[in-house]
Amino acid sequence: MPPQTRRTSFPKVVIDRDTDSEESSSDEDEIDEEDDVVGEEEVTEPKADEEEGEEEQEKSVTKKKTPITISLKKVCKVCKRTGHEAGFKGATYIDCPMKPCFLCKMPGHTTMTCPHRVATEYGVVPAPRRNTHSSLDYVFQRQLRPHIPKMKPEFVIPDQVNCAVIRYHSRRVTCLEFHPTNDNILLSGDKKGQLGVWDFCKVYEKTVYSEIHGCILNNMKLNPRNDGTVYTGSSDGTACCVDLETGISLSLMNLNPNGWQGPSTWRMIYGLDINLDKGVVLVADNFGYLYTVDMRSNNVTGKPILIHKKGSKVVGLHCNPLQPDLLLSCGNDHFARIWDMRQLETGSSLVDLPHKRVVNSAYFSPLTGSKILTTSQDNRIRVWDSIFGSLDSPSREIVHSHDFNRHLTAFRAEWDPKDQSESLVVIGRYISENYNGAALHPIDFIDISTGQLVAEIMDPNITTISPVNKLHPRDDILASGSSRSLFIWRPKEKHEIEKPIDERKIVLCGKAEKKGKRKFGDESDCGSDDDGFTTKGKPVKSKQPYLDSTSKSKSKSKSKSKSSKKP
DNA sequence: ATGTCATGACCCC
DNA sequence: TGGGGTCCCTGACA
């Protein structure tokens with residue numbers, strides 16, 4: 001195969017500004033003919049000549065007028081070949097046939113015909129049994145959870161955006177957490193480092209702390225013992241303990257005490273989790289190191305331990321909910337690893353779980369802690385049914401579109417913490433589906449015991465991708481972060497929605513109302529300031545409808561800027 | 001309507 | 001091993 005054809009090597013035609021542009025649109029055959037001619041030239045002429053010729057031409061033309069250089073070949077934007085074009089045709093994306101399937105990454109077919117698109121569970125190894133693998137496992141689970149229902153209850157899917165929509169972040173949302181005790185409080189972090197505290201039942205009750213971190217808030221965890229504090233980790237290299245009421249933050253560590261010395265030395269904090277039993281906050285950086293912070297003294301204890309490939313990002317940390325000695329980590333070195341907290345040292349991992357790409361997240365199951373769920377950038381969700389069994393290979397690999405895109409927050413499959421069977425998982429979908437002419441990116445609920453797509457939820461007003469999703473620990477509520485917006489989903493039956501979603505009128509604040517066509521995800525005229533809005537169909541518990549609420553929202557929002565440190 | 005930009009993994013040399 | 005080039009469904013703003 002010849003070297004990769006580049007855009008610069010394509011035939012270019014310099015057209016004088018006086019050339020009538022309408023001529024070119026008159027006939028496509030003409031273009032094709034020209035294509036062929038130029039194509040031959042490209043083959044026959046030595047490259048140097050071609051370049052010289054171009055240069056000469058350009059020189060001569062620039063003396064008179066600025067030339068317009070256009071490429072006449074209609075090429076596929078993906079593979080740069082002719083004969084086909086990739087991209088959106090209306091709301092349907094046409095794949096480049098020269099590339100492997102965008103969904104399952106296998107060659108020979110496109111996303112449109114991918115068997116995984118037709119049936120999500122295609123190729124998934126079914127679970128041998130629903131909940132347990134052996135009688136021993138079953139006894140173990142019954143001991144841990146005596147109230148396991150005999151029958152697996154129906155999944156309840158929060159499938160309607162009927163509570164609230166808000167946008168107070170000035171950059172895209174990176175993480176979400178529900179308050180451990182207050183059912184209506186959602187915490188959100190963004191790429192700018194802002195921390196939002198939002199009472200989504202009183203839509204305008206929100207607080208944004210903007211001075212805690214200087215850039216991306218990668219992860220946060222609320223302290224279940226002291227529900228007024230949240231631990232945050234950021235790409236500014238600091239981890240903080242933040243008081244939710246006051247916004248006062250206490251810096252636990254700063255990995256860049258000497259400031260900016262260039263990208264090769266700048267440390268960023270990604271993984272973060274709390275281990276209550278040990279009274280520590282665990283934090284990991286982009287160089288592969290794990291740090292331990294004592295929760296009482298708020299000081300780093302011990303030395304940093306290399307837990308992933310040196311120089312690679314440790315994306316996530318998760319402590320086992322039942323067995324405090326177990327830690328799960330995942331990173332850019334394509335591994336998820338299980339560690340024994342009692343003997344944490346480089347290379348001492350109990351298990352290494354290999355992946356084909358970066359592992360965006362790795363979580364123990366929320367109730368028994370005996371399953372593992374990982375999301376990898378190879379478009380696969382992996383499930384290990386029992387950490388007590390063989391971990392040589394995942395119990396299931398579920399193909400699901402959640403590719404890497406540098407402009408999106410990484411997708412993470414999240415457990416439903418309420419699901420006793422520990423099989424319901426939520427994750428946003430990257431590729432779109434054509435829903436009545438609109439390209440929408442649903443949020444998927446997947447039964448990881450079978451690989452089946454239980455539900456795909458979407459709203460015609462949400463046209464952006466929703467990579468960040470969190471299910472409520474107690475209520476049937478889903479919070480999702482899509483671009484800069486936050487959405488609260490509830491099950492349809494819980495809130496009497498009479499009208500179909502697209503008939504609901506969205507009442508917005510101030511000048512936005514004039515536009516009329518504004519949608520949830522639309523951001524025009526909506527700066528970083530307070531622009532809360534929601535649907536008219538269900539004003540939730542808010543005291544007043546949201547008519548002309550600019551002033552109200554401003555008065556209600558308290559944009560505090562208290563901080564103890566600056567990056 | 002269209003262009004621009006932010007910016008992370010990966011691949012290749 | 002490192003730096004530079006590349007990149008398929010982005011999203012906001014000019």
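The rules we used
- Residues numbered from 1 in each chain as written.
- Chains lettered and ligands numbered in written order.
- Predicted model: local features only at pLDDT ≥ 70, side-chain atom pairs only at ≥ 80, totals over all residues.
- Heavy atoms only, no water.
- UniProt positions renumbered as here; feature names shortened; annotations may be inferred.
- Helix = DSSP H or I, 4+ residues; strand = E, 2+ residues; numbered from the N terminus.
- Buried < 20%, exposed > 50% of the residue type's maximum accessible area, 1.4 Å probe, protein only.
- Areas by Shrake-Rupley, 256 points an atom, 1.4 Å probe, with all protein chains shown as cover.
- Near = heavy atom within 4 Å.
- Polar contact = N/O pair within 3.5 Å; in protein donor to acceptor, adjacent residues only side chain to side chain.
- Nonpolar A, V, L, I, M, F, W, Y, C, P; charged D, E, K, R; others polar.
- Salt bridge = Lys/Arg side-chain N within 4 Å of Asp/Glu carboxyl O.
- Pairing = 2+ DSSP bridges.
- Axes fitted to C-alpha atoms, helices over the stretch in contact; angles between N-to-C directions.
- Contact = heavy atoms within 4.5 Å.

In the Subcellular location (unreviewed entry) part of its UniProt record, chain A is described as follows: "Nucleus". Regarding chain A, the relevant UniProt record gives this comment under Sequence similarities (unreviewed entry): "Belongs to the WD repeat DDB2/WDR76 family."

**Student:** Is there a simple way to think about the overall build of chain A in this case?
**Tutor:** Helix and strand counts for chain A come out as seven helices and 36 strands. Residues counted as buried form 51% of the 567 residues belonging to chain A. In the form shown here, chain A has an accessible surface area of approximately 27300 Å², with 50% of it arising from carbon and sulfur atoms.

**Student:** Explain the protein's contact with DNA strand B here, please?
**Tutor:** Taken together, Lys-191, Lys-313, Asn-332, His-334, Arg-357, Val-358, Gln-377, Phe-404, Arg-406 and His-407 are the residues near DNA strand B. Close to the protein, within 4 Å, the atoms of DNA strand B are drawn from sugar and phosphate at a rate of 54%. Separating a phosphate oxygen of DNA strand B from a side-chain N or O atom of His-334 is a distance of 3.5 Å. Between a base oxygen of DNA strand B and a side-chain N or O atom of Arg-406, the distance comes to 2.7 Å. Partitioning the surface near DNA strand B into residue classes produces two nonpolar, four polar and four charged.

**Student:** I tried to follow the pattern of salt bridges on my own but got confused; where do I start?
**Tutor:** Pairing between side chains of opposite charge can happen when their charged atoms approach one another. For the coordinates displayed, the defined rule picks out 20 salt bridges. Among the ionic pairs, Asp-352 bridges to Arg-337, the shortest N-O distance being 3.0 Å. On the criterion of sequence distance, the pair formed by Asp-352 in strand β21 (residues 351–354) and Arg-337 in strand β20 (residues 335–340) is long-range, its members being 15 residues apart. Residue classification places Asp-352 among the partly exposed positions, given a relative accessible area of 35%. A relative accessible area of 12% places Arg-337 in the buried class.

**Student:** Looking at this structure, I do not really get the UniProt feature "repeat: WD" (unreviewed entry) in chain A. What am I missing?
**Tutor:** Using the residue numbers shown here, the UniProt feature "repeat: WD" (unreviewed entry) corresponds to residues 166–199 and 355–385. End C-alpha to end C-alpha, residues 166–199 measures 11 Å, and it is 0% helix and 53% strand. End C-alpha atoms of residues 355–385 are separated by 16 Å, and the span's content is 0% helix alongside 52% strand.

**Student:** How do you make sense of the sheet that holds strand β11 (residues 229–234) when you look at a structure like this?
**Tutor:** For sheets, the rule is that strands pair by backbone hydrogen bonds, running either parallel or antiparallel. Here we have four strands laid out as an open sheet, ordered β10-β11-β12-β13, and antiparallel in their pairing. Across the chains shown, the open sheet's two edge strands, defined by having one partner strand only, are β10 (217–222) and β13 (249–254). Across the sheet, the mean angle separating the axes of adjacent strands is 20 degrees when strand polarity is ignored. In terms of strand pairing, β10 meets β11 through five bridges, oriented antiparallel. Looking at β11, one finds that Leu-217 is bridged to Ser-234.

**Student:** How do you make sense of the environment of Met-220 when you look at a structure like this?
**Tutor:** Mapped onto the elements, Met-220 comes out in strand β10. Every residue in contact with Met-220, bar those within four places of it in the chain, is listed here: Cys-175, Leu-176, Glu-177, Leu-187, Ser-188, Gly-189, Leu-195, Val-230, Tyr-231, Thr-232 and Leu-272.

**Student:** How should the pairing of strand β24 (residues 380–384) be read in this particular structure?
**Tutor:** Note on strand geometry: in a regular strand, side chains alternate between the two faces of the sheet. For β24, a buried count of five out of five residues is recorded, marking the element as mostly surrounded by other parts of the structure. Residue alternation in β24 divides its side chains into two sets, Arg-380, Arg-382 and Trp-384 and Ile-381 and Val-383, and both sets are buried. Strand direction decides the pairing type here: strand β23 (residues 372–376) and β24, joined by five bridges, are antiparallel. Looking at β24, one finds that Thr-374 is bridged to Arg-382. Hairpin connection from β23 to β24: three residues lie between these consecutive antiparallel strands, with Asn-379 at a positive phi of about 65 degrees.

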